[in-house]
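Spelled out, the chains give:
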Amino acid sequence: MRFIIEGYVNQIKSDDIIKFASSNNILISEEEALFLKGLLKSHLDDVLSGNDAEVLQIIESHFDNFRFTKMKNLYLIYKDRYKTCLLYTSDAADDLTRV
C-alpha cells in the first residue's frame with residue numbers, strides 16, 4: 001500500500017493540489033501548491049505516521065498566519081479524507097519493521 005501512495009505522491013502535480021483545494025473551497029496559489037507538493041514528497045513518513053505536529057510546524061515556519069491557517073485546513077481535510085488509507089499504510093509499515 002505504501003508503494004501505491006508513494007507512486008501517487010511522486011506523480012502529483014501542483015494543479016492536482018489546487019483542484020483539490022478548490023473543491024474544498026480553499027484557494028491556494030501555485031507557490032503554495034508547489035510547497036505542499038514538496039512537503040508531501042520530503043515528509044511522506046511524517047504524513048503516513050500521523051506526525052501532524054511536525055508537518056504543521058514546517059508549514060507554519062514558511063508562511064504568514066493567514067496562509068498557514070489556509071494550508072493547515074487543507075492538510076487536515078486531506079488527512080481526514082484519506083485517513084483510512086493512511087492508517088492502513090502506517091500499520092502495515094509498523095508490521096514490516098517488526099519482522
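Scoring rules and cut-offs
- Residues numbered from 1 in each chain as written.
- Predicted model: local features only at pLDDT ≥ 70, side-chain atom pairs only at ≥ 80, totals over all residues.
- Heavy atoms only, no water.
- Core = buried A, V, L, I, M, F, W, Y, C linked by side-chain atoms within 4.5 Å.
- Buried < 20%, exposed > 50% of the residue type's maximum accessible area, 1.4 Å probe, protein only.
- Helix = DSSP H or I, 4+ residues; strand = E, 2+ residues; numbered from the N terminus.
- Contact = heavy atoms within 4.5 Å.
- Salt bridge = Lys/Arg side-chain N within 4 Å of Asp/Glu carboxyl O.

Now for the nonpolar core. Counting residues in each nonpolar core, the largest one holds 26 residues, and the members touching the most others are Ile-17, Ile-28, Phe-35, Leu-36, Leu-39, Ile-59 and Leu-74. Every element with two or more residues in this core is listed here: helix 1 (2–11), helix 2 (14–23), helix 3 (30–42), helix 4 (44–49), helix 5 (52–62) and helix 6 (65–98). In this view, Ile-28 contacts Ile-17, Ile-18, Ala-21, Ala-33, Leu-36, Lys-70 and Leu-74; residues no more than four positions away in its chain are not counted.

Before going further, it helps to spend a moment on the pattern of salt bridges. Summed over the entire model, instances satisfying the criterion amount to four salt bridges. Arg-67 is the salt-bridge partner of Glu-31, the closest N and O atoms lying 3.1 Å from each other. You can see Glu-31 sitting in helix 3 and its partner Arg-67 sitting in helix 6, a full 36 residues away along the chain. Taking the shortest distance from any N to any O, the salt bridge between Glu-32 and Arg-67 comes out at 2.7 Å. Taken together, the residues Glu-32 in helix 3 and Arg-67 in helix 6 connect sequence positions 35 residues apart. Via salt bridges that share partners, Glu-31, Glu-32, Arg-67 and Lys-70 belong to a single interconnected network.

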